[in-house]
Amino acid sequence: MGRAFVAGVAVLAALTGCTVQTPDGEGKRRSPVHIELPGSTPSPGSTPSPGRTPAGGGATPRSAPPSGDGKPRAAPTPPRVLWSRGDTGRDVRELQARLRQVAWLFEGPTGTYDEPTQRAVSGFQGKRGLPRTGRADAVTWQRLLGMTREPGRWDLYLMGGQSADPPDARCRSGRVLCIDKTSRTLRWMVDGRTVSTMAVRFGSRGTPTREGVFSVYWKSRDHVSTLYDSPMPYAMFFSGGQAVHFSADFAARGYAGSSHGCVNVRDEAAIARLYAQVRNGDKVVVSW
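Here's a quick rundown of the structure. (Residues numbered from 1 in each chain as written. Predicted model: local features only at pLDDT ≥ 70, side-chain atom pairs only at ≥ 80, totals over all residues. Heavy atoms only, no water.)

1. Some points on the overall build of the chain
Part 1 of the argument: Scanning the chain from N- to C-terminus turns up seven helices and eleven strands.
Part 2 of the argument: When burial is assessed residue by residue, the chain has 36% of its 288 residues classed as buried.
Part 3 of the argument: Pairs at least 24 apart in sequence give 50% of the contacts found in the chain among residues at least 6 apart.
Part 4 of the argument: When the accessible surface of the chain is summed, it comes to about 17000 Å², and 54% of that surface belongs to carbon and sulfur atoms. (Helix = DSSP H or I, 4+ residues; strand = E, 2+ residues; numbered from the N terminus. Buried < 20%, exposed > 50% of the residue type's maximum accessible area, 1.4 Å probe, protein only. Contact = heavy atoms within 4.5 Å. Areas by Shrake-Rupley, 256 points an atom, 1.4 Å probe, with all protein chains shown as cover.)

See the structure below:
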């Protein structure tokens, strides 16, 4: 019977995950059979079952959740693009004028987001550790605003492109070079109709362009100034030595410079067409 009892205990141990204890370090024999039931705490000295941890240790997750609430973190939203290649308008002019202030753009402003503007924006972004997209986004714009001043009207139209003001009343009849100092424009008008308009530049405070009503008295296609030894192509003289003519300096520097009293035109193709149409005796009106 004793053998049968021992066999029965061995079977029970196998079925319930029991372990047979050996004498401890003091030579004391423990209970011959330890039964570990599901959810129970192991006795001191026992070996934890696979997949469990000692009491108080807690379960160790296989991987940490990506965020505190266990939900995946969303990718950062890229800043909103304000202007990019092909856009036009006054805001693009301001962007270009501000880029000129920090020496990233040397052309324009033109009011068109062109390739030079894209390169300038990309360079500005890279210098400040921003993504070099070449597109003017909200972050790039705020950084540029913080480094520049508000551009004035002639910063925005440094190289021309401004609209002409309404013509002076004296320009509404006949053939007239209608020159407006306020809007810095010249209208070529015939019988009250504007044929063409172009940006012009005037003399400095020391050598101002005279105002009034005059007439073209001499045309000189390849004129060179004897007083200043400077070229005056397509010159149309209207008051002493003052003439409407092409200026390479105006083409290069815009309103950053001035004439010695003449009316400068920066668009050579435009003044070439004008020169071909104007006759001696045509009226010239210079006004504010």
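2. Regarding the layout of surface pockets
Part 1 of the argument: Approximately 480 Å³ is the volume attributed to the largest pocket.
Part 2 of the argument: Forming the boundary of the largest pocket are 25 residues, of which Ser225, Tyr228, Ser230, Met232 and His245 lie nearest the centre.
Part 3 of the argument: Of all the elements in the fold, those that place two or more residues in the lining of the largest pocket are β7 (218–224), β8 (231–239), β9 (242–246) and α6 (248–253).
Part 4 of the argument: The dominant element in the lining of the largest pocket, judged by the number of residues it contributes, is β8, at four residues.
Part 5 of the argument: Among the residues making up the lining of the largest pocket, the classes are represented as ten nonpolar, 13 polar and two charged.
Part 6 of the argument: Within this model, the second largest pocket holds a volume of roughly 220 Å³.
Part 7 of the argument: Along its surface, the second largest pocket is lined by 14 residues, and Lys181, Arg184, Phe202, Gly203 and Trp288 are the ones closest to its centre.
Part 8 of the argument: Residues belonging to the lining of the second largest pocket are distributed by class as follows: five nonpolar, six polar and three charged. (1 Å grid on protein atoms, 1.4 Å probe; cavity = no way out; pocket = protein on both sides within 12 Å on 5 of 7 lines; lining within 4 Å. Points joined across faces, edges and corners; volume = space filled by probe spheres on them. Nonpolar A, V, L, I, M, F, W, Y, C, P; charged D, E, K, R; others polar.)

3. Description of the packing of aromatic side chains
Part 1 of the argument: For the structure on display, the rule yields seven aromatic pairs.
Part 2 of the argument: Ring centres of tryptophan 83 and tryptophan 141 lie 5.0 Å apart, and the angle between their planes is 85°; this geometry places the pair in the edge-to-face category. Remark: tryptophan 141 occurs in helix α4 (residues 138–145) and tryptophan 83 occurs in strand β1 (residues 81–83); sequence separation between them is 58 residues. One exposure class covers both tryptophan 83 and tryptophan 141, and it is buried.
Part 3 of the argument: Considering the side-chain rings of tyrosine 234 and tyrosine 275, the 5.7 Å spacing of their centres and the 70° angle between planes classify their relative orientation as edge-to-face. Here the residue tyrosine 234 occupies a position in strand β8, and tyrosine 275 occupies one in helix α7 (residues 268–277), the gap between them amounting to 41 residues. Both residues of the pair, tyrosine 234 and tyrosine 275, belong to the buried class.
Part 4 of the argument: Among the aromatic residues, ring-to-ring pairing joins Trp154, Phe250 and Tyr255 into one connected group.
Part 5 of the argument: Over the ring of tryptophan 154 we find arginine 184, and its NZ or CZ is 4.1 Å from the ring centre.
Part 6 of the argument: Its end group placed over the ring of tyrosine 255, arginine 184 keeps NZ or CZ at 4.7 Å from the ring centre. (Phe/Tyr/Trp six-rings, centres within 6.5 Å; stacked < 30°, edge-to-face > 60°. Lys NZ or Arg CZ within 6 Å of the ring centre and 35° of its normal.)

4. Some points on unusual backbone geometry
Part 1 of the argument: That bond from glycine 108 to proline 109 is cis: its omega, 5°, falls within 30 degrees of zero.
Part 2 of the argument: Of note in the backbone geometry, alanine 103 takes a positive phi value of approximately 60° without being a glycine.
Part 3 of the argument: Phi angles above zero are rare outside glycine, and aspartate 191 is one such case at about 55°.
Part 4 of the argument: Structurally, the position occupied by aspartate 191 is in the loop between β4 (185–190) and β5 (193–201).

5. So, the sheet that holds β8
Part 1 of the argument: Taken in spatial order, the nine strands of this open sheet run β6-β11-β3-β4-β5-β10-β9-β8-β7, and their pairing is mixed. On the outer flanks of this sheet lie β6 (212–215) and β7, each paired with one strand and no other. In this sheet, adjacent strand axes meet at a mean angle of 30° when their direction is disregarded.
Part 2 of the argument: Sheet topology places β4 next to β5; six bridges connect them, and they run antiparallel. Opposite methionine 189, over in β5, you have threonine 194 as the bridge partner.
Part 3 of the argument: Sheet strands in contact with α7 are β3 (175–180), β4, β5, β7, β8, β9 and β10 (263–265), and its direction is about 45° off that of β8. (Pairing = 2+ DSSP bridges. Axes fitted to C-alpha atoms, helices over the stretch in contact; angles between N-to-C directions.)

6. Side note on the nonpolar core
Part 1 of the argument: In terms of nonpolar packing, the biggest core is built from 23 residues, with Leu177, Ile179, Leu186, Met236, Val244, Leu274 and Val284 touching the most fellow members.
Part 2 of the argument: Sorting the residues of this core by element identifies β3, β4, β5, β8, β9, β10, α7 and β11 (283–287) as the ones contributing at least two each.
Part 3 of the argument: Ranked by residue count, the leading element in this core is α7, at four residues.
Part 4 of the argument: If we ignore the near neighbours within four places in the chain, the residues touching leucine 274 are Leu177, Leu186, Trp188, Met198 and Met236.
Part 5 of the argument: Counting residues in each nonpolar core, the second largest holds 13 residues, with Trp83, Leu99, Val121 and Leu144 among its members. (Core = buried A, V, L, I, M, F, W, Y, C linked by side-chain atoms within 4.5 Å.)

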